[in-house]
Amino acid sequence: MAAEPEPLLATDALRKEFGGLTATDDVSLTVSPGERRCLIGPNGAGKSTLLSLITGQLDPNAGSIRFAGEAIDGLSPHERIDRGLSVKFQVPSVYGEFSTRENLRLALQRRVSGEELEDAIVDSLSRFDLADEEYVEANALSHGQKQRLEIAMASALDPALLLLDEPVAGLSVEETQRIADLLIDLNESVGVALLVIEHDMKFVRALAERVTVLHQGSILIEGEMENVADDPAVRNVYLGEEV
Ligand SMILES: Nc1ncnc2c1ncn2[C@@H]1O[C@H](COP(=O)(O)OP(=O)(O)OP(=O)(O)O)[C@@H](O)[C@H]1O
């Protein structure tokens with residue numbers, strides 16, 4: 001039998017404590033190359049903490065992380081980005097005074113230069129539906145446009161894995177669907193794997209091939225959304241909310 005391909009990301013018994021509270025409790029999570037995964041769970045389940053451990057924003061108390069076949073423990077967030085692990089946080093990180101084009105240029109010039117840079121800016125404006133906003137100051141963009149610009153910037157280095165923390169929070173149904181379509185298109189055309197934290201279950205159903213449910217810092221269940229949503233333990237932790 002052929003050996004299982006090595007996962008792109010693998011956390012092994014990752015643990016994070018804040019004082020007496022265990023926010024991440026021995027989490028072993030794997031993401032395959034090119035897969036679309038959502039991380040769900042009620043408020044306080046430990047989703048953002050896990051994301052910050054993966055990006056290197058936080059150091060674990062125990063456990064380890066492998067990415068693209070190598071241990072990345074102890075690497076800084078920037079070193080992890082350079083290895084192909086990119087992230088879009090909940091907190092906006094665009095340069096408000098700069099135009100959409102200038103923001104994209106800043107992100108893309110870490111990878112390409114000259115004519116290639118110009119082509120990459122044009123491609124990015126088109127892929128993320130921002131061509132009409134090319135010269136608009138980022139401060140003047142709508143919330144949805146800003147989210148798309150941030151996703152474009154997080155994708156600028158052609159990462160192997162893109163981590164997104166609540167990319168559709170506060171967006172309209174139409175804008176939410178637009179971002180789901182755009183992420184699926186990005187995943188299918190360039191093969192980037194996605195690990196997305198999101199509370200919007202319609203978005204999760206549209207995007208995820210598999211979901212991982214976190215509860216009180218631990219993985220409760222993983223699988224396809226239909227199976228996970230019907231699981232009594234999942235229904236129980238969401239206390240009657242629509243999953
Ligand atoms: N820097 C911190 N110091 C102390 N406690 C923290 C810190 N960050 C998170 N926590 C606690 O760790 C637990 C997990 O929080 P986390 O933000 O990871 O959950 P979450 O699943 O992302 O929640 P939400 O869906 O509300 O964003 C919570 O009890 C939270 O209060």
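Treat the numbers as computed from the prediction; the structure is a model and nothing was measured.

Caption draft 1: Layout of the packing of helix 3 (residues 100-108) against helix 4 (residues 114-127). For the pair helix 3 and helix 4, interaxial distance at closest approach is 10 Å and the crossing angle is 125°. On the basis of their axis angle, the class for helix 3 and helix 4 is oblique. Here the hand of the crossing between helix 3 and helix 4 comes out right-handed. The segment helix 3 lies against helix 4, with Arg 101, Leu 104, Arg 105 and Leu 108 engaging Leu 117, Ala 120, Ile 121, Ser 124 and Leu 125. Tallied by class, residues from the contact of helix 3 with helix 4 come to six nonpolar, one polar and two charged.

Caption draft 2: View of the pairing of strand 1 (residues 9-18). With two bridges connecting them, strand 1 and strand 3 (residues 30-31) associate as antiparallel partners. In the strand pairing of strand 3, Leu 9 is matched with Val 31. Pairing of strand 1 with strand 5 (residues 62-67), which is carried by five bridges, proceeds in the antiparallel orientation. Pairing of Thr 11 across the sheet is with Ile 65, part of strand 5. Following strand 1, the chain reverses through two residues before pairing antiparallel with strand 2 (residues 21-27); Gly 19 in that reversal takes a positive phi of roughly 60°.

Caption draft 3: Layout of the domain arrangement of the protein chain. Assigned domains within the protein chain: domain 1 (1-84 + 159-243) and domain 2 (94-158). For domain 1 and domain 2, the distance between their C-alpha centres works out to 25 Å. If you look at the interface, domain 1 gives 12 residues, while domain 2 gives 10 residues. Here the side of domain 1 that touches domain 2 gets five residues from one element, more than from any other, and that element is helix 6 (residues 173-190). Its residues assigned to classes, the side of domain 1 that touches domain 2 shows 10 nonpolar, one polar and one charged.

Criteria and cut-off values
- Residues numbered from 1 in each chain as written.
- Predicted model: local features only at pLDDT ≥ 70, side-chain atom pairs only at ≥ 80, totals over all residues.
- Axes fitted to C-alpha atoms, helices over the stretch in contact; angles between N-to-C directions.
- Helix = DSSP H or I, 4+ residues; strand = E, 2+ residues; numbered from the N terminus.
- Parallel < 35°, antiparallel > 145°, perpendicular 65-115°, else oblique.
- Left-handed = near helix turned anticlockwise from the far one by under 90°.
- Contact = placed C-beta atoms within 7 Å.
- Nonpolar A, V, L, I, M, F, W, Y, C, P; charged D, E, K, R; others polar.
- Pairing = 2+ DSSP bridges.
- Domains from an automatic or database assignment.

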